[in-house]
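# Reading the structure
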Amino acid sequence: MRRWLFLIPFLLSMAEPVKDSKLRVELEDKDGLKHSLRGLVCNGRDNLRVREGKVEYAVNFSSLRAIEVLGQDGTQLKVRLSFKDGLSRDYLIPANTYCKGNSQTGEAGFYLRDTKTIFIKTEEK
């Protein structure tokens, strides 16, 4: 029963549509294929939940320049976030973090653990 309680919010977050955004995303997956996306949502949120020690942060995608996946240790994924202000820091996130973005082909879905790098640009209008 406890597993179902975890699974229900996770499945609902996967059904969340990608919000219209000014974000342009260039993603390279582990196979070396490059994907161009517009907008980014991870686990149903327009920010990335990261952990540093015992503290959790919600990092807005618009404040990031890049996300680099460094490796996986069990249920945790180590990522390096490069901020637009020049700062880079390493954080832990759940390895099952599921993200979505829009492409010309349709809505793209992927686990962060299956990516190498994600470059994020914010369009000015």
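All chains use their own residue numbering, which begins from 1 and follows the written sequence. Local features in this predicted model are restricted to residues whose pLDDT is 70 or higher, and side-chain atom pairs enter the listing and the counts only when it is 80 or higher, whereas totals over whole chains, interfaces and linings include all residues. With hydrogens and water set aside, each side-chain value is computed from the structure's full complement of heavy atoms.

Bringing the side chain of K100 into the picture now. Only DSSP runs of H or I with at least four residues qualify as helices, and only runs of E with at least two residues qualify as strands; both kinds are numbered from the N terminus onward. If you trace the backbone, K100 turns up in strand 8 (residues 98-102). For the exposure calls, accessible area comes from a 1.4 Å probe over protein chains only, and a residue counts as buried if that area is under 20% of its type's maximum, exposed if over 50%, partly exposed in between. Relative accessible area serves as the criterion here: at 8%, K100 is assigned to the buried category. A polar atom in the side chain of K100 sits 3.5 Å from the side chain of E107. Pairing of N or O atoms within 3.5 Å defines a polar contact, subject to two protein rules: one partner must be a possible hydrogen donor and the other a possible acceptor, and residues neighboring in sequence count only if both atoms are side-chain atoms.

A positive phi angle is found at N43, which is not glycine, with a value near 50 degrees. Relative to the helices and strands, N43 resides in the loop between strand 2 (34-42) and strand 3 (47-52).

Soluble, globular proteins show a tendency: their nonpolar side chains are buried together. Counting 25 residues, the largest nonpolar core has L40, F61, I67 and L81 as the members making the most contacts within it. A total of four residues in this core trace back to one element, the largest contributor, which is strand 6 (residues 76-83). If sequence neighbours within four positions are ignored, I67 has contacts with L48, F61, V79, R80, L81, K116, T117, I118 and I120. In this text, buried Ala, Val, Leu, Ile, Met, Phe, Trp, Tyr and Cys residues form a nonpolar core when linked through side-chain atoms within 4.5 Å. Residue contacts follow a heavy-atom distance rule, with two residues in contact if any of their heavy atoms lie within 4.5 Å.

On to the pairing of strand 2. Pairing between two strands is assigned when DSSP locates at least 2 bridges connecting them. Both strand 1 (residues 23-29) and strand 2 contribute to a ladder of five bridges, which runs antiparallel. When the sheet's bridge partners are listed, E26 is paired in strand 2 with S36. In this structure, the hairpin formed by strand 1 and strand 2 is closed by a connection of four residues, where G32 is found at a positive phi of approximately 90 degrees. Where strand 2 meets strand 8, three bridges bridge the pair, whose relative direction is antiparallel. Bridge pairing links C42 to C99 in strand 8.

Attention shifts here to the state of the cysteines. Pairs of cysteine sulfur atoms within 2.5 Å are identified as disulfides in what follows. All chains considered together, the criterion is met by one disulfide. The residue that forms a disulfide with C42 is C99, at a sulfur-sulfur distance of 2.0 Å. Linking C42 and C99, the disulfide has an S-S dihedral of approximately 105 degrees and is accordingly described as right-handed. Taken together, the residues span a long stretch of sequence, with C42 in strand 2 and C99 in strand 8 at a distance of 57 residues. Overall, C42 belongs to the buried group, its relative accessible area being 4%. Its relative accessible area of 0% is what places C99 among the buried residues.

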